[in-house]
Amino acid sequence: MSTSPEREIKADLGHTGIASETTRWCAVYTDEYNDISNDDNSDDSTDDSAAIQRALDELYSDTDQDDTRARRILFFPAGTYNISGSIKIPPYAHLVGEGQDKTIIHQSGGAKPVAETVDNAGNDYATGIGTASATKPTNITLEGITFKNGEAYPGLQISEAINVYVKNCKFQGTYASGGADAANSKAVTNRSKTASQCTNVLFEHCQFTKYARLVDFSDDITSVRFRDCDFSTAF
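Residues numbered from 1 in each chain as written. Predicted model: local features only at pLDDT ≥ 70, side-chain atom pairs only at ≥ 80, totals over all residues. Heavy atoms only, no water.

**Points about the overall build of the protein chain**
Line of reasoning, step 1. When you go through the protein chain residue by residue, the secondary structure sums to 1 helix and 18 strands.
Line of reasoning, step 2. Of all 235 residues assigned to the protein chain, the portion counted as buried reaches 49%.
Line of reasoning, step 3. Excluding contacts between residues fewer than 6 apart, the proportion of contacts in the protein chain whose partners are at least 24 apart in sequence is 70%.
Line of reasoning, step 4. Only carbon and sulfur atoms are counted for the fraction: they give 44% of the accessible area of the protein chain, which is about 10,200 Å². (Helix = DSSP H or I, 4+ residues; strand = E, 2+ residues; numbered from the N terminus. Buried < 20%, exposed > 50% of the residue type's maximum accessible area, 1.4 Å probe, protein only. Contact = heavy atoms within 4.5 Å. Areas by Shrake-Rupley, 256 points an atom, 1.4 Å probe, with all protein chains shown as cover.)

**Brief notes about the nonpolar core**
Line of reasoning, step 1. Counting residues in hydrophobic clusters, the biggest one holds 39 residues, and the most contacted among them are F171 and F203.
Line of reasoning, step 2. Sorting the residues of this core by element identifies α1 (49-61), β3 (79-83), β4 (87-89), β8 (138-143), β10 (156-159), β11 (162-167), β13 (186-191) and β14 (198-204) as the ones contributing at least two each.
Line of reasoning, step 3. The leading source of residues in this core is α1, at 5 residues. (Core = buried A, V, L, I, M, F, W, Y, C linked by side-chain atoms within 4.5 Å.)

**Re the sheet that holds strand β9 (residues 146-149)**
Line of reasoning, step 1. One open sheet accounts for 6 strands, arranged β3-β6-β9-β12-β15-β18; its pairing is parallel. Edge positions in the sheet fall to β3 and β18 (230-232), since each of these pairs with one other strand and no more. Direction aside, neighbouring strands of the sheet carry axes that sit 15° apart on average.
Line of reasoning, step 2. With 3 bridges connecting them, strand β15 (residues 207-209) and β18 associate as parallel partners. Its bridge partner lying in β18, T209 is registered against S232. (Pairing = 2+ DSSP bridges. Axes fitted to C-alpha atoms, helices over the stretch in contact; angles between N-to-C directions.)

**A short note on the pairing of β9**
Line of reasoning, step 1. Sheet topology places strand β6 (residues 103-107) next to β9; 4 bridges connect them, and they run parallel. Bridged to Q107 within β9 is N149.
Line of reasoning, step 2. For β9 and strand β12 (residues 170-172), the ladder comprises 3 bridges, and the chain directions are parallel. Residue pairing in the sheet places F147 in a bridge with F171 of β12.

**Digging into the confidence of the model for the protein chain**
Line of reasoning, step 1. Of all residues in the protein chain, 80% have pLDDT values of 70 or greater, and the mean over the chain is 85.
Line of reasoning, step 2. Note that residues 1-22 has pLDDT below 50 and, in this model, 64 contacts with residues that lie over four places away or in other chains.
Line of reasoning, step 3. Contacts for the low-pLDDT stretch residues 30-43, under 50 throughout, to residues beyond four places or in other chains number 45 contacts. (pLDDT = per-residue confidence, 0-100.)

**Let's talk about the sheet that holds β4**
The pairing of strands in a sheet happens through backbone hydrogen bonds and is either parallel or antiparallel.
Line of reasoning, step 1. Pairing in this open sheet of 5 strands is parallel, and the strands run β4-β7-β10-β13-β16 from one edge to the other. Each edge of the open sheet carries a strand with a single partner, namely β4 and β16 (213-216). Ignoring which end each strand starts from, the neighbouring axes of this sheet average 15° apart.
Line of reasoning, step 2. In this sheet, β10 lies alongside strand β7 (residues 115-117) in parallel orientation, the contact comprising 2 bridges. In the sheet register, A115 faces β10, and the bridge partner there is L156.

**Considering a nonpolar patch on the surface**
Line of reasoning, step 1. Taken together, the side chains of V215, F226 and F231 present a nonpolar region at the surface, about 230 Å² in accessible area.
Line of reasoning, step 2. Mapped onto the fold, F231 is located in strand β18.
Line of reasoning, step 3. On the basis of relative accessible area, F231 is assigned to the partly exposed category, the value being 41%. (Patch = residues over 30% accessible without salt bridge, like charges linked within 9 Å, V, L, I, M, F, W, Y side chains within 5 Å. Salt bridge = Lys/Arg side-chain N within 4 Å of Asp/Glu carboxyl O.)

**Brief notes about the pattern of salt bridges**
Note on pairing: side chains with opposite charge can pair once their charged atoms come close.
Line of reasoning, step 1. One pass over the structure, following the stated rule, counts 8 salt bridges.
Line of reasoning, step 2. For the salt bridge of D124 with K88, the shortest nitrogen-to-oxygen distance reads 3.7 Å. Here the residue D124 occupies a position in the loop between β7 and β8, and K88 occupies one in strand β4, the gap between them amounting to 36 residues.
Line of reasoning, step 3. Across the pair R227 and E204 runs a salt bridge whose closest N-O atoms are separated by 3.6 Å. Placement of R227 in strand β17 (residues 221-227) and of E204 in strand β14 is noted, with a sequence separation of 23 residues between them.
Line of reasoning, step 4. What you see here is one network of salt bridges that share partners, running through D181, K186, R213 and D216.

In structure tokens:
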């Protein structure tokens, strides 16, 4: 199977393996429309940060919300996706992998969370979510993915988001049992302001492990639920 020297992930509408343009599923592919997780491509060393972000932006930020693509599901086949910094998850994003420890997004070298919610203009908490009337993070779903951080930084940062559903995901850090507390080592955390709180967040069948702080919701947040989750190896 041929691949080009420069790997690019595309959320391509014409190569999902399903002919209908109205299908809800859109897979992550390389520039050759090959599954990025196949043995030729997934070497656990290539930096997939920019490619994954292009796919997310194409489906959820660079499209009109009336466009059917904006309601599609971005599918990550099993494999390790390396990033050096956070992937920014915009409003209406729906990311699906093949399960815990099968689809792995691994952050290393960026001193950042693996993933964080942003507005539809790509603004994060630090740059100002909702700037210039941008749509704030809302209706975000994450399923069947391991968010693994190789540094003492969060797995997921939920910033000023409403309606976040996380199912069958794993958040794995580097914390060793008996180690010292580390303020930035958090499996999941939030950032928000009193006037723009996080609200309605559900974690279901998720695993939180190897972080000093497994859950740290220090900023304003309401209506948070954990259902049938597992918590292990923490300070």
